[in-house]
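Structural characterization, general
If you want the building blocks of each chain, they are given just below.
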Amino acid sequence: PGMNLSNIRANPALSKLLVLAKRQKVKHEFRQRQAALDRSIQEALQRNSVVLVQDLMKQLGRNDGQFPSPVDVQVHLHHGQIQGKFAVVEDAGDATVEHGHPSYLSP
């Protein structure tokens, strides 16, 4: 069958190896989710040449505690801007925004 949990705890090397494997799995899954978020953003920009950041946060963000939350989307967009993937345009026309000034995203 499987290994007994007490045997794993008694073997520090095996325990450490399992922790490292779990970390690698979590990192891999996170990278996959980030890549999927990139694709979703690119698809939104292909449909519309300019997109309101707030709209992307609402459309792509999840409110169930899973990745990406609306704030995760905003942070991802900011990092994409820094890396040159996206450009943020402060004024691309009239828009109604809940807080502050509208920020638009373009490819």
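Predicted, not measured: the structure shown is a model, and the values here were computed from it. (Residues numbered from 1 in each chain as written. Predicted model: local features only at pLDDT ≥ 70, side-chain atom pairs only at ≥ 80, totals over all residues. Heavy atoms only, no water.)

A few words now on unusual backbone geometry. Note that the residue after F67, namely P68, is joined by a cis bond; omega there is 0°. Inspection of the secondary structure assignment puts P68 in the loop between α3 (53-60) and α4 (70-82). (Helix = DSSP H or I, 4+ residues; strand = E, 2+ residues; numbered from the N terminus.)

The angle between the axes and the distance between the axes are what describe a pair of packed helices. At a minimum axis distance of 11 Å, the contact between helix α2 (residues 12-47) and α4 shows a crossing angle of 80°. Judged by the angle between their axes, α2 and α4 are roughly perpendicular. Residues Q34, L37, D38 and I41 of α2 form the contact with α4, whose own contacting residues are V73, H76 and L77. (Axes fitted to C-alpha atoms, helices over the stretch in contact; angles between N-to-C directions. Parallel < 35°, antiparallel > 145°, perpendicular 65-115°, else oblique. Contact = heavy atoms within 4.5 Å.)

For side chains of opposite charge, pairing can occur when their charged atoms come near one another. According to the stated counting rule, one finds three salt bridges in the structure shown. A salt bridge links D38 to K85; the nearest nitrogen and oxygen atoms lie 3.0 Å apart. Separated by 47 residues along the polypeptide, D38 in helix α2 and K85 in the loop between α4 and β2 (87-89) bring together distant segments of the chain. By relative accessible area, which is 17% here, D38 ends up buried. In this structure, D64 engages R62 in a salt bridge whose closest nitrogen and oxygen atoms are separated by 2.6 Å. For R62, a relative accessible area of 37% gives the class partly exposed. (Salt bridge = Lys/Arg side-chain N within 4 Å of Asp/Glu carboxyl O. Buried < 20%, exposed > 50% of the residue type's maximum accessible area, 1.4 Å probe, protein only.)

Geometry only, nothing functional implied.
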